[in-house]
Amino acid sequence: MSEQGVHYTDLDADAKETALKSFISYYINQYQQNNLEILGSKVDNGVMSTINEILNLNKFMGHTELIAESYRLSKPCYEKLLNELTDVLYQEDGEPVSGWEKNWEEQEIKLPNED
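Residues numbered from 1 in each chain as written. Predicted model: local features only at pLDDT ≥ 70, side-chain atom pairs only at ≥ 80, totals over all residues. Heavy atoms only, no water.

(A) Up close: the packing of aromatic side chains. Applying the stated criterion across every chain, the model contains four aromatic pairs. The ring of tyrosine 8 has lysine 16 sitting right over it, with the charged end atom 5.5 Å from the ring centre. (Phe/Tyr/Trp six-rings, centres within 6.5 Å; stacked < 30°, edge-to-face > 60°. Lys NZ or Arg CZ within 6 Å of the ring centre and 35° of its normal.)

Here you go:
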């Protein structure tokens, strides 16, 4: 049975906001772990560089503060990334059907191993 959901572009404004905030938190976690390879293979790296520059300039902040600052300064960039992630499906409330971790877990396993 396949999982059902809608694309980011099909969410209403409130659900898009939920998806955006959830994604920003996940993105920052992955950035701090230097683990953006999978995402970088799927979206515009120029947009990611813009986000990463803001995160780097504000790395002294705690996670919650960094989410708020990144949202304030990079919201259009995150929205562009979410629009490009067409393989991610969302529930009507904006939460990913599989959760962010699970969305990339299977894809991470498929990455080639470095010797």
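Structure shown, so let's carry the discussion forward.
(B) Focus on the packing of helix H3 (residues 45-57) against helix H4 (residues 63-84). Close contact between H3 and H4 brings their axes to 9 Å; oriented N to C, the two are set at 175°. On the basis of their axis angle, the class for H3 and H4 is roughly antiparallel. Of the residues in H4, those in contact with Val47, Met48, Thr50, Ile51, Ile54 and Leu55 of H3 are Leu66, Ser70, Leu73, Ser74, Cys77, Tyr78, Lys80 and Leu81. For the contact of H3 with H4, the residue count by class is ten nonpolar, three polar and one charged. (Axes fitted to C-alpha atoms, helices over the stretch in contact; angles between N-to-C directions. Helix = DSSP H or I, 4+ residues; strand = E, 2+ residues; numbered from the N terminus. Parallel < 35°, antiparallel > 145°, perpendicular 65-115°, else oblique. Contact = heavy atoms within 4.5 Å. Nonpolar A, V, L, I, M, F, W, Y, C, P; charged D, E, K, R; others polar.)

(C) A look at H4. For H4, with 22 residues, the first-to-last C-alpha span of 25 Å runs short of the 32 Å given by 1.5 Å per residue. A bend of about 85° at serine 74 is the largest found in H4, and the proline proline 76 appears one to four places after it. Within H4, burial applies to Leu66, Ile67, Glu69, Ser70, Ser74, Cys77, Tyr78, Leu81 and Leu82. (Expected span 1.5 Å × (residues − 1). Bend = angle between axes of the 7 residues up to and from the residue. Buried < 20%, exposed > 50% of the residue type's maximum accessible area, 1.4 Å probe, protein only.)

(D) View of the nonpolar core. In terms of nonpolar packing, the biggest core is built from 29 residues, with Phe23, Tyr27 and Tyr78 touching the most fellow members. Where this core is concerned, the elements lending two or more residues are helix H1 (13-32), H3 and H4. Here this core takes eight residues from H1, the largest share from any one element. (Core = buried A, V, L, I, M, F, W, Y, C linked by side-chain atoms within 4.5 Å.)

(E) Up close: H1. Taking 1.5 Å per residue as the helical rise, H1 with its 20 residues ought to reach 28 Å, and the 29 Å between its terminal C-alpha atoms agrees with that figure. Among the residues of H1, Ala15, Ala19, Leu20, Ser22, Phe23, Ile24, Tyr26, Tyr27, Ile28 and Gln30 are the ones counted as buried. One or two positions beyond H1, positive phi appears at asparagine 34, with a value near 55°.

(F) Inspection of the side chain of glutamine 30 at higher detail. Structurally, glutamine 30 is set in helix H1. When sequence neighbours within four positions are dropped, the list of residues in contact with glutamine 30 reads Asn35, Leu36 and Glu101.

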